[in-house]
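Read off the chains here:
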Amino acid sequence: MNTNRQWLLAQRPQGMVGKDNFTYAEQAIPEPGDGQVLVRNLYLSFDPTQRGWMEDRESYLPPVGIGEPMRAGSIGQVVESRHADFAQGDLVQTTGGWQDFVVAAPGLGPMGLSKVPDGVTPEMMLSVLGITGLTAYFGLLDLGQPKAGETVLVSGAAGATGSVAGQIARIKGCRVVGIAGGPEKCAWLKDEAGFDEVIDYKSEDVNARIAATCPNKLDVYFDNVGGEILEAALNHLNLRARIVMCGGISGYNATQPIPGPANLMNLVTMRARMEGFIILDYMSRAPEAINELLGWIASGELKFQVDVQEGFDNIPDTLQRLFTGKNLGKQLLKIADPV
Ligand SMILES: NC(=O)c1ccc[n+]([C@@H]2O[C@H](COP(=O)([O-])OP(=O)(O)OC[C@H]3O[C@@H](n4cnc5c(N)ncnc54)[C@H](OP(=O)(O)O)[C@@H]3O)[C@@H](O)[C@H]2O)c1
């Protein structure tokens, strides 16, 4: 291969993100400078936050520029190294973007450059041991502070982050209730992930079902979706409940600002706490989480699903799967196998 295929951001999204927001291009393969490596991307990570990176507004990362390759986390293989710590053939994690090749270095881009530990597959590194697994781990344990016997509600529960957050709560001895869309996802949560109860928000009255499935009310609510489901959860707080604000995917494609919950005063009456976080702030603590997550996977206590699409042409359409709920577990796309 002597060109670098790319998907560039062509226009900022209005409403649902789609293929029209991107344009295909081919460029020369870039050359690494001193202290850098050239990486061939093998697997791309798809994350709801990419929708925010496409907008022209300051956030925790700058927006992707029009005409730039779409930003994305990735696993790739070093094809040329000008850095003493990396050799040709190494499997690495970086911010590869929607392209075949990227120049990477430690400290460059949000994910920097790190080796994939021996024995860890790219699928694991980009899911349960990657951003979504770490988000579940630190969001639930640091912010949610669940105690055995407490009730933990998780929205987006069948997704990459929610499914791990709920299972960690179960491992910590909590009663765990998950909210997800559709019978297939709800069945997986109960039968495989060991959730105590599930709520199908697409076919059930969420407010009534929280009341029915959480008779002792909520001590922790791990929120991935925001909107009406957040408002329903706020109706069922226990004294000193903790609401972990992980994400609000129900509003990411909205064309108008979505109304806030009408019942925020419940935080006052229940002396509850609602707190947001960005996982990039926790990356220096990743080893402690990865160690514990690996132990739970090895013991069979923690299950995870990956949804691996294939083909460079399918990259833009794969992002939309997150917002239509088509993904079953962590959304990835494989561009190539390692050599
Ligand atoms: N704070 C952080 O640092 C951080 C880091 C990573 C992720 N996050 C957040 O965590 C959340 C989950 O991300 P993920 O990467 O793990 O994705 P994911 O949960 O694997 O996939 C997204 C899921 O969101 C659900 N969804 C889509 N539209 C929805 C809507 N309108 N209402 C309710 N649910 C909807 C779909 O599940 P259903 O089929 O069940 O609807 C879909 O499968 C996102 O909000 C993301 O922004 C935050």
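Below: a short report on this structure. (Residues numbered from 1 in each chain as written. Predicted model: local features only at pLDDT ≥ 70, side-chain atom pairs only at ≥ 80, totals over all residues. Heavy atoms only, no water.)

Turning our attention to the site of the ligand. Within the structure, the ligand sits among 25 residues, and T161, K185, Y201, Y252 and N327 are positioned closest to it. Y201 is positioned with one of its side-chain polar atoms (N or O) 2.4 Å from an oxygen atom of the ligand. Coverage of the ligand by the protein amounts to 90% of the 910 Å² it exposes when considered alone. If you list the elements that add at least two residues to the shell around the ligand, you get helix 3 (131-144), helix 4 (160-171) and helix 10 (315-324). Split into classes, the residues belonging to the shell around the ligand amount to 13 nonpolar, eleven polar and one charged. Per-domain counts for the shell around the ligand show at least three residues from each of domain 1 (3-125 + 305-334) and domain 2 (131-280). (Near = heavy atom within 4 Å. Polar contact = N/O pair within 3.5 Å; in protein donor to acceptor, adjacent residues only side chain to side chain. Areas by Shrake-Rupley, 256 points an atom, 1.4 Å probe, with all protein chains shown as cover. Helix = DSSP H or I, 4+ residues; strand = E, 2+ residues; numbered from the N terminus. Nonpolar A, V, L, I, M, F, W, Y, C, P; charged D, E, K, R; others polar. Domains from an automatic or database assignment.)

Looking now at the packing of helix 3 against helix 9 (residues 286-298). At a minimum axis separation of 10 Å, helix 3 and helix 9 run at an interaxial angle of 100°. For the element pair helix 3 / helix 9, the angle class is roughly perpendicular. Contact residues: G133, L134, Y137 and F138 in helix 3; A286, E288, A289, I290, E292, L293 and W296 in helix 9. A breakdown of the residues in the contact of helix 3 with helix 9 according to their chemical character gives eight nonpolar, one polar and two charged. (Axes fitted to C-alpha atoms, helices over the stretch in contact; angles between N-to-C directions. Parallel < 35°, antiparallel > 145°, perpendicular 65-115°, else oblique. Contact = heavy atoms within 4.5 Å.)

To continue, consider the state of the cysteines. Counting across every chain of the model gives zero disulfides. Its sulfur unpaired, C186 is 14 Å from the next cysteine sulfur, which belongs to C214. By relative accessible area, C186 is classed as buried at 9%. C214 carries a free sulfur, and the closest cysteine sulfur to it, the one in C174, is 12 Å from it. (Disulfide = S-S within 2.5 Å. Buried < 20%, exposed > 50% of the residue type's maximum accessible area, 1.4 Å probe, protein only.)

With that settled, consider the side chain of Q77. Tracing the sequence through the fold places Q77 in strand 4 (residues 74-81). For Q77, a relative accessible area of 7% translates into the label buried. Polar contacts involving the side chain of Q77 include one to the main-chain carbonyl oxygen of G89, which spans 3.2 Å. Discounting chain neighbours no more than four positions away, the residues touching Q77 are L38, V39, R40, L42, G89, D90, L91, P338 and V339.

Taken across its five residues, strand 8 (residues 151-155) has five buried, putting it largely inside the fold. Of the two faces of strand 8, the one lined by T151, L153 and S155 and the one lined by V152 and V154 are each fully buried. Sheet topology note: the strand 8/strand 9 (residues 175-180) ladder contains five bridges and is parallel. Paired with T151 across the bridge in strand 9 is R175. You can see the chain leave strand 8, run along helix 4 and come back into strand 9, and the turn it takes is right-handed. Note: strand 8 against strand 11 (residues 218-223), three bridges, orientation parallel. (Pairing = 2+ DSSP bridges. Right-handed = clockwise from strand over helix to strand, strands pointing away.)

Such coordinate-based values are descriptive only and should not be taken to indicate function.
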